[in-house]
Amino acid sequence: MNKLIFTNNEKLDGRGISVIFVKGSYRRVLEECLRYLHRGGRLLTHPNPASIKLFHSPVRSILIEEGSVDESSILLMERAIHQYDQIMTLHEVDNRNLVHYEMMDQAHIDSALEELARWQSS
Amino acid sequence: MKKILYYVNQFFGQIGGEDQAHIAPVYKKEAVGPAMGFAKMLEGEAEIIGTLICGDNFFNEHNEEALAFIKDINEQEKPDIVVAGPAFNAGRYGVACAGVAEFFALEAGIPVVTGMYEENPGLEACRGISYVVPTTDSAGGMRKALPTMAKIAVKLAKGEEPVAEEDGFFLRGIRETVFSDKIGSERAVEMLLKRLRGEEFETELPMPEFDNVEPAHAIADMSKAVIALVTTGGIVPHGNPDHIQSASAQKWGKYDVSKLEMLKGDYETIHGGYDPVYANEFPDRVAPLDQLVHLKKEGAIGDVYKYFYTTTGTGTAVGNSRKFGQEIGKELKEAGVDGVILTST
Amino acid sequence: MKLEIKRIKVNDIIFGDETIVKDGVLTLNKEELITELKKVPGVVDVALDFAFPGDEIRIIPVKDVIEPRVTVSPKGVRGFSGVNADIVQLGDGVVHALDEVAIVTIGDIVGFQEGVIDMWGEGAKWTPFSKTKNIVVDLKCDKSLKPHEHEATVREAGLLASELIGLAGKDCTKFVKEEVYEMGMPDEETKKYPNLPKVVYVEMLISQGLLHDGFCYGINTRFTLPTLLHPNEELDGAVISGNCVAACDKITTYQHQNNSVIKSLYARHGKDINFVGVVISPELTTLDGKFRNADFVSKLCSQLGAQGVIVSEEGYGNPDSDLVMIAERLEKKGIVTVLITDECSGWDGLSQPLTDAKPEAKAVISTGNVSKVVHLGKAKKILGDPESIANLAGGWAGAYDPETGTMSCELNAVIGATSEIGFHNCTIKVL
């Protein structure tokens with residue numbers, strides 16, 4: 001199954017995977033990914049990060065797999081947007097530290113790819 | 001002495017009943033209606049400086065205008081505390097009190113005391129931002145509600161912080177972080193022990209209510225199915241012959257659409273919760289009768305049920321919604337309808 | 001296994017000619033310590049400072065907090081097994097710990113790091129580390145290091161500092177407290193207490209990559225399946241933190257060494273419960289990884305015969321999914337579960353705290369609202385990077401007043417404030 005990365009991170013190296021570049025904010029990436037999932041595909045990574053500070057990131061990358069419509073991915077993405085809004089309605093995006101967030105985003109996509117490479121059966 | 005501004009609707013403001021629900025807001029520099037009795041319960045700590053009276057329909061249908069008027073009065077009178085209602089179970093009144101609370105509490109930074117029945121659709125919006133006293137569902141509860149509301153106003157006038165359990169208002173639902181005398185791990189172990197022993201315990205993070213409805217079986221042959229159209233989008237025949245409310249609906253309507261190819265031309269929207277322009281132009285955008293007729297012509301569905309059911313969703317009490325759903329559902333089931341397209345906004 | 005942790009009272013810490021504890025005073029030879037720490041590849045300079053309870057000192061950004069200890073028996077065992085020392089089986093032996101003393105490493109690896117410890121005033125209430133006597137280690141690293149190398153360097157140096165300073169207590173004979181953790185393996189204990197309910201502690205650990213790592217016997221938990229530990233192993237240093245970002249709910253190494261859930265369960269072992277083990281559950285980035293680990297954790301709990309489980313979380317955001325999935329699987333098996341987590345209910349405490357809810361998550365301990373705004377006073381001294389203060393302002397204007405030096409910040413920026421292993425005592429009251 002083909003993988004795709006939805007991202008607004010200009011510095012992201014997709015490591016050979018097709019990148020769908022979203023012009024705009026982190027939230028926009030979530031929205032566009034949700035729109036895509038309505039027509040098919042499955043989330044491979046959780047749309048949100050694991051610490052609150054990373055929610056302030058201007059950039060975000062999400063790994064998905066092409067395929068038929070996966071309801072649980074759609075539901076998860078909707079909840080992820082709600083979770084994002086819960087934190088970010090109170091905060092500004094941390095553009096000051098863009099360079100570091102771009103790097104963190106890459107590092108976490110790399111972790112995910114590495115995890116998948118190890119666990120996946122073929 | 002602290003200054004209290006009182007808000008009531010056209011009925012409690014002694015202007016008129018349902019027939020006066022359309023009146024624009026007025027301000028009287030005196031205590032009117034319940035404010036009169038309220039004024040006597042203030043223990044010398046505060047006084048009523050005036051009463052705002054506004055028609056329930058006006059507040060809901062001309063919201064911006066109403067708020068603009070209220071804003072002016074606020075600037076003119078500079079109240080310390082605002083009291084609204086009590087609205088009992090009157091839905092539009094409750095929603096109006098909530099609107100008043102939102103303005104004063106959030107924009108003007110002035111504390112608000114109000115009262116309403118627990119099922120009043122206005123409660124959700126204002127319980128977190130104002131002090132809402134639970135009342136009975138009818139105006140007969142005024143004698144009990146007013147003193148409780150007054151005591152809270154007095155506390156506020158004295159600069160004290162009202163407490164839900166002591167002063168008798170709905171828990172605001174504010175989740176305040178405080179220090180416990182036990183660290184989290186101790187509390188966790190205690191909770192686990194209670195569960196292991198089958199004892200009652202209280203979670204510190206309640207789950208939302210899971211109101212799941214079992215889906216019905218899939219329709220076996222859609223080409224033979226009778227499909228009914230139902231909406232909470234407030235789409236009604238021109239002139240709203242059954243006077244369905246624009247918000248906080250008290251009823252639903254049922255109309256014969258068997259001779260129509262679309263709702264356009266005969267129907268309009270009375271829903272108070274969205275900009276009506278596009279729905280008035282083409283009501284099928286909200287309740288797609290035209291598409292159902294089209295599907296029938298194509299043979300994709302068997303038939304469009306002759307009756308179209310409609311009501312307004314916005315501000316409608318959960319209790320009423322359940323009732324409507326059951327009533328309409330019963331009729332549709334008895335009529336042998338196979339499936340329903342239910343649209344909301 | 002039998003682990004004895006003997007705690008040495010320290011009334012004061014000073015710099016001097018040797019590194020030793022005598023009569024309640026911990027003396028540190030500054031030059032020696034700095035020389036040793038600079039031997040860690042990548043460390044360019046080291047500064048050591050003290051911050052005691054009540055001092056008007058602010059420490060920011062904090063990378064990790066570690067308890068200084070030394071293993072006295074078995075002889076020759078040093079450091080953290082598998083991390084900066086040889087692998088040895090942990091959980092048995094005698095350890096000397098400098099009581100209520102903490103090594104606090106500071107220095108940011110990325111610009112947005114938070115993590116404040118205020119030693120006085122309003123801020124002090126919100127962190128458990130305002131009550132420890134802190135030895136603050138500021139590590140300056142080679143600028144050419146890549147971020148993960150930088151993190152590893154600071155981690156290694158921090159652990160080394162705790163080891164070197166811990167050595168000061170090696171020969172002490174007087175202790176303020178002697179903790180004995182003695183517990184056999186599950187089958188022995190079950191023979192002793194056949195009627196007590198079996199309880200497992202599932203400890204979730206952020207395992208998502210750069211600055212969001214955990215280590216068990218030196219292995220990054222991204223690479224392990226959920227792992228069964230005897231409670232003594234974690235108390236003896238088997239688990240250390242590589243989590244540098246989530247200030248309020250990251251489990252610092254100090255908190256692993258003194259894991260409050262383990263201690264609370266241990267105290268009830270043999271009386272109310274049969275505490276059969278600790279399962280380290282990595283929180284992975286991939287969804288498949290989360291499903292796999294949730295299944296495996298619940299299987300391990302069944303395998304151990306658990307009747308009750310406490311699950312603690314680390315972090316906020318995607319780990320909420322893991323937490324709820326694990327609860328769901330356990331409850332469906334009839335294993336009663338209690339979850340410990342923090343929540344995000346907005347500045348006004350009115351937002352719905354949970355976004356990922358399942359009916360099985362019915363017994364939850366809330367360790368506080370991460371968005372609660374607290375007002376920190378002006379510090380007389382700042383140990384760390386004053387620039388980081390701007391991060392603490394949480395991204396909204398006017399929260400930091402450079403004139404008065406006072407600052408509003410959210411609890412999520414305060415170290416240990418909403419500790420999801422229940423290390424601190426914040427909770428929620430509904431008004």
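In this text the structure is predicted, and so the values were computed from the model without any measurement.

Here is what the cut-offs are and how they apply
- Residues numbered from 1 in each chain as written.
- Chains lettered and ligands numbered in written order.
- Predicted model: local features only at pLDDT ≥ 70, side-chain atom pairs only at ≥ 80, totals over all residues.
- Heavy atoms only, no water.
- Helix = DSSP H or I, 4+ residues; strand = E, 2+ residues; numbered from the N terminus.
- Rg over C-alpha atoms; globule rule 2.2 N^0.38 Å.
- Buried < 20%, exposed > 50% of the residue type's maximum accessible area, 1.4 Å probe, protein only.
- Contact = heavy atoms within 4.5 Å.
- Areas by Shrake-Rupley, 256 points an atom, 1.4 Å probe, with all protein chains shown as cover.
- Lys, Arg positive; Asp, Glu negative; His and termini not counted.
- Charge placed at Lys NZ, Arg CZ, Asp CG, Glu CD.
- Domains from an automatic or database assignment.
- Buried area = accessible area lost by both parts, 1.4 Å probe.
- Salt bridge = Lys/Arg side-chain N within 4 Å of Asp/Glu carboxyl O.
- Polar contact = N/O pair within 3.5 Å; in protein donor to acceptor, adjacent residues only side chain to side chain.
- Nonpolar A, V, L, I, M, F, W, Y, C, P; charged D, E, K, R; others polar.
- Pairing = 2+ DSSP bridges.

Chemist: Would you mind going over the overall build of chain A in detail, with residue names and values included?
Modeler: In terms of regular secondary structure, chain A is built from four helices and four strands. Start at the N end of chain A and walk to the C end: the helices and strands fall as β-β-α-β-α-β-α-α. Relative to the compact-globule value of 14 Å for 122 residues, chain A shows a C-alpha radius of gyration of 14 Å, a close match. The dimensions of chain A, computed from C-alpha atoms along their principal axes, are 40 × 25 × 25 Å. Here chain A holds 122 residues, and 59% of them are scored as buried.

Chemist: Describe the overall build of chain B, naming the residues involved and giving the relevant values.
Modeler: In terms of regular secondary structure, chain B is built from 11 helices and 13 strands. Each principal axis of the C-alpha distribution contributes one length, and for chain B these read about 75 × 60 × 35 Å. The buried share among the 345 residues of chain B stands at 48%. Of all intrachain contacts in chain B linking residues separated by at least 6 positions in sequence, the fraction that spans at least 24 positions is 72%. Surface exposure of chain B reaches about 17000 Å², of which carbon and sulfur atoms provide 51%. Separation between the mean location of the 34 positive side-chain charges and that of the 52 negative ones in chain B comes to 3 Å.

Chemist: Any chance you could break down the domain arrangement of chain B for me, citing the residues and the numbers?
Modeler: Residue and element names in this part refer to chain B. With domains assigned, chain B is organised as domain 1 (2-167) and domain 2 (222-343). Centre-to-centre separation of domain 1 and domain 2, based on C-alpha positions: 36 Å. Listed by partner, the interface residues are five residues for domain 1 and seven residues for domain 2. Sorting the residues of domain 1 by area buried against domain 2 places R92, E119 and P121 first, and these three jointly supply 60% of that buried surface. On inspection of domain 1 and its partner domain 2, the count reaches zero salt bridges. Summed over the shared surface of domain 1 and domain 2, the number is one residue pair in polar contact (both at pLDDT 80 or more). A class-by-class count of the residues in the side of domain 1 that touches domain 2 yields one nonpolar, one polar and three charged.

Chemist: Pulling in residues and values, what's your account of unusual backbone geometry?
Modeler: Residues B:G85 and B:P86 are joined by a peptide bond in cis, for which omega reads 5 degrees. Mapped onto the secondary structure, B:P86 falls in the loop between β4 (81-84) and α4 (91-108). Here C:S73 and C:P74 are connected by a cis peptide whose omega angle stands at 0 degrees. Tracing the chain through its elements places C:P74 in the loop between β8 (69-73) and β9 (93-98). Positive phi is not limited to glycine here, since B:F88 has a value of about 45 degrees. Here B:F88 lies in the loop between β4 and α4. The backbone of B:H243 shows a phi angle near 55 degrees, a positive value even though the residue is not glycine. Structurally, B:H243 can be placed in the loop between β9 (235-237) and β10 (253-256).

Chemist: Break down the interface of chain C and chain B for me, citing the residues and quoting the values.
Modeler: Tallying the contact residues gives 53 residues for chain C and 34 residues for chain B. Interface area, chain C with chain B, both sides summed: about 3900 Å², of which 66% is carbon and sulfur. Across the contact surface, chain C and chain B share five salt bridges. A salt bridge links B:E176 to C:K372; the nearest nitrogen and oxygen atoms lie 2.8 Å apart. At the boundary of chain C and chain B, one finds 26 residue pairs in polar contact (both at pLDDT 80 or more). Counting only elements with at least two residues in the side of chain C that touches chain B, the list comes to α7 (260-268), β20 (308-312), β21 (336-343), β22 (364-369) and β27 (426-430) of chain C. Taken together, the residues that form the side of chain C that touches chain B break down as 27 nonpolar, 16 polar and 10 charged. Here strand β7 (residues 175-179) of chain B runs beside β27(C); their pairing, made up of five bridges, is antiparallel. Residue B:T177 lies in a different strand from β27(C), and its bridge partner there is C:I428.

Chemist: Lay out the side chain of C:R69 in plain terms, naming residues and giving numbers.
Modeler: All names here are of chain C. Along the polypeptide, R69 turns up in strand β8. Within the structure, the side chain of R69 is placed 2.9 Å from the side chain of E67, a separation counted as a polar contact. A polar side-chain atom of R69 sits 2.7 Å from the main-chain carbonyl oxygen of L235.

Chemist: Talk me through the interface of chain A and chain C; I want residue IDs and the actual numbers.
Modeler: Facing 39 residues of chain A, the contacting portion of chain C comprises 52 residues. Approximately 3800 Å² of surface area, both sides summed, lies buried where chain A meets chain C, with 57% of it carried by carbon and sulfur atoms. Linking chain A to chain C there are two salt bridges. Salt-bridge contacts for A:R42 lead to C:D288; the nearest nitrogen and oxygen are separated by 3.3 Å. The tally of links from chain A across to chain C stands at 18 residue pairs in polar contact (both at pLDDT 80 or more). Those elements that provide at least two residues to the side of chain A that touches chain C are β3 (42-43), α2 (52-55), α3 (71-88) and α4 (98-119) of chain A. Classifying every residue of the side of chain A that touches chain C gives 17 nonpolar, 13 polar and nine charged.

Chemist: Please give an account of the pairing of β9(C) that cites residues and values.
Modeler: Residue and element names in this part refer to chain C. Of all six residues making up β9, six are buried, and the element is well covered by its neighbours. The alternating pattern of β9 places G93, V95 and A97 on one face and V94, H96 and L98 on the opposite face, and all of these are buried. The sheet contact formed by strand β1 (residues 2-8) and β9 spans six bridges and is parallel. Counted as the bridge partner of E4 is V94 from β9. Alignment of β8 against β9, held across four bridges, turns out to be antiparallel. Its bridge partner lying in β9, V70 is registered against H96.

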